[in-house]
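Observations on the three-dimensional arrangement
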Amino acid sequence: MSKPLVIVTGKNGQLGQELKLQSEAAEIFDFLFTGSGQLDITDNNALADLFDKHRPRYFVNCAAYTAVDKAETEQDKAYLVNAEAVGRIAAQCRLHNCTLITISTDYVFNGKGTAPYRPADATEPVNYYGYTKLMGEKLALENNPATIVIRSSWVYSPFGHNFVKTMLRLMSDQKEIAVVDDQRGSPTYAYDLAQAILAILASLDDGNTAYGIYHYSNTGMISWFDFANAVAGLIKTSCVLKPIATAAYPTPARRPAYSVLDCSSTEKTFGISAPHWKESLVACLQRLGKTMP
Ligand SMILES: NC(=O)c1ccc[n+]([C@@H]2O[C@H](COP(=O)([O-])OP(=O)(O)OC[C@H]3O[C@@H](n4cnc5c(N)ncnc54)[C@H](OP(=O)(O)O)[C@@H]3O)[C@@H](O)[C@H]2O)c1
């Protein structure tokens, strides 16, 4: 008997690369991984051809326009990739009886909250990237009710561009670095998020139909400064870290001051519990060969 096929987009991104590595152990599925070279998700004909040819049972959309600051000026491009294309993927999924998992962000919230955000809490993005991701969520759920949206936050990995890799580079190049200390959230190791997605796929394949919006991040709340400080402690750098306020580090896109996600419904519905952020940071740095004995 043939196994259910899972098509994954964004295979060259942080999450896509982690999923590709871990999918080797997920023997109950066949996987087809695509990067923008194989499938431009904004190309509707290519998308339709892919669905017609492969008839996937599950579609995991890890592709996204993720340049948060650039999205302020490249609004059309960001909207096309993060909203319109996700809506079209969902429409193809509905046509082919395929379940969609698509990834969203903590940046759908305005950051004025004081307790971890639950999936049903009011959204109000403070930047254009967040707006496009929120529209992507809406179009996905409207066009294909068999959709799981997973909002995550502060994603890092040994791959691509992310905060941890930027800190490692700056700590080796500079004597002192300033890091914002008044934005709070939870980091997410892409390895853990990939594990969660595979567990959700297995649960769906077992007959779970609890579609909707879920949250997944590592546990614990920190600031970017705390995160950088933890990296510094683990690699034992002599670089000095200085906490600064967001106001002292202006960026084109505003960021929410608080974006901790309440992941309890993910744990309840899919039996997935996330590791603490520090444990996962150690694992990532070990993989990068950066931790000192
Ligand atoms: N990074 C974070 O801190 C963060 C936080 C919360 C949520 N998220 C969400 O998590 C998901 C995964 O993020 P990530 O960090 O893994 O992103 P990433 O490393 O930036 O990778 C995104 C991938 O999307 C692909 N892509 C962009 N435009 C495309 C198009 N038109 N057609 C096909 N592929 C396209 C790119 O493919 P190529 O390389 O092949 O061009 C890229 O590899 C995204 O939905 C993101 O919004 C990320």
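1. Some thoughts on the nonpolar core
Core analysis: the biggest nonpolar cluster contains 55 residues, and F59, M171, F227 and L281 have the highest contact counts within it. At 9 residues, helix α7 (residues 224-235) tops the list of elements feeding residues into this core. Leaving out residues up to four positions away in the same chain, F59 has contacts with I7, T9, L50, F51, I89, C93, C98, T99, L100 and I101. L15, F33, C62 and Y216 belong to the second largest nonpolar core, which has 26 residues in total.

2. Comments concerning a negative patch on the surface
Among the surface-exposed residues, D40, D43, D49 and D52 lie close enough to one another that they form a single negatively charged patch. According to the relative accessible area criterion, D43 is partly exposed, its value standing at 35%.

3. Some details on the packing of aromatic side chains
With the rule as written, the count across this model stands at 17 aromatic pairs. Seen from their ring centres, Y156 and Y189 are 5.4 Å apart, and the 15° between their planes marks the pair as stacked. In this pair, Y156 is assigned in strand β6 (residues 155-156) and Y189 in strand β9 (residues 188-189), connecting sequence segments 33 residues apart. Y189 matches Y156 in its accessibility class, with the two residues each being buried.

4. Re the sheet that holds strand β3 (residues 58-61)
Spatially, β2-β1-β3-β4-β5-β10 is the arrangement adopted by the 6 strands of the open sheet, whose pairing is parallel. Lying at the two open borders of the sheet, with one neighbouring strand each, are β2 (30-34) and β10 (212-215). Averaged over neighbouring strand pairs, the angle between their axes works out to 20° when direction is ignored. Both strand β4 (residues 99-105) and strand β5 (residues 147-152) contribute to a ladder of 6 bridges, which runs parallel. Following the sheet pairing, I103 is matched in β5 by I150. Most of the contacts of helix α1 (residues 14-23) go to β2, to which it runs at about 155°, and overall it touches β1 (5-9), β2, β3 and β4. Each of β1, β2 and β3 is contacted by helix α2 (residues 44-54), which is oriented at about 160° to β1, the strand it contacts most.

5. Concerning the pairing of β2
The pairing of β1 with β2 spans 5 bridges and is classified as parallel. Within β2, the residue paired with V8 across the bridge is F33. Once the chain exits β1 it traverses α1 before rejoining the sheet at β2, and the crossover so formed is right-handed.

6. Some details on the site of the ligand
Surveying the vicinity of the ligand reveals 24 residues, the closest of which are N12, S36, T66, Y129 and K133. Within the contact set of the ligand, an oxygen atom lies 2.6 Å away from a side-chain nitrogen or oxygen of S36. Within the side chain of Y129, an N or O atom sits 2.7 Å from an oxygen atom of the ligand. Of all the elements in the fold, those that place two or more residues in the shell around the ligand are α1, β4 and α4 (128-143). A total of 3 residues in the shell around the ligand trace back to one element, the largest contributor, which is β4. Across the shell around the ligand, the residue classes break down as 11 nonpolar, 11 polar and 2 charged.

7. Brief notes about unusual backbone geometry
Backbone geometry at R55 places phi at a positive 45°, although glycine is not the residue there. Structurally, the position occupied by R55 is in the loop between α2 and β3. Residue W154 is not a glycine yet carries a positive backbone phi of 45°. Among the structural elements, W154 can be located in the loop between β5 and β6. Of the residues examined, W154 reaches a relative accessible area of 9% and is grouped as buried.

About the thresholds
- Residues numbered from 1 in each chain as written.
- Predicted model: local features only at pLDDT ≥ 70, side-chain atom pairs only at ≥ 80, totals over all residues.
- Heavy atoms only, no water.
- Core = buried A, V, L, I, M, F, W, Y, C linked by side-chain atoms within 4.5 Å.
- Buried < 20%, exposed > 50% of the residue type's maximum accessible area, 1.4 Å probe, protein only.
- Helix = DSSP H or I, 4+ residues; strand = E, 2+ residues; numbered from the N terminus.
- Contact = heavy atoms within 4.5 Å.
- Patch = residues over 30% accessible without salt bridge, like charges linked within 9 Å, V, L, I, M, F, W, Y side chains within 5 Å.
- Areas by Shrake-Rupley, 256 points an atom, 1.4 Å probe, with all protein chains shown as cover.
- Salt bridge = Lys/Arg side-chain N within 4 Å of Asp/Glu carboxyl O.
- Lys, Arg positive; Asp, Glu negative; His and termini not counted.
- Charge placed at Lys NZ, Arg CZ, Asp CG, Glu CD.
- Phe/Tyr/Trp six-rings, centres within 6.5 Å; stacked < 30°, edge-to-face > 60°.
- Pairing = 2+ DSSP bridges.
- Axes fitted to C-alpha atoms, helices over the stretch in contact; angles between N-to-C directions.
- Right-handed = clockwise from strand over helix to strand, strands pointing away.
- Near = heavy atom within 4 Å.
- Polar contact = N/O pair within 3.5 Å; in protein donor to acceptor, adjacent residues only side chain to side chain.
- Nonpolar A, V, L, I, M, F, W, Y, C, P; charged D, E, K, R; others polar.

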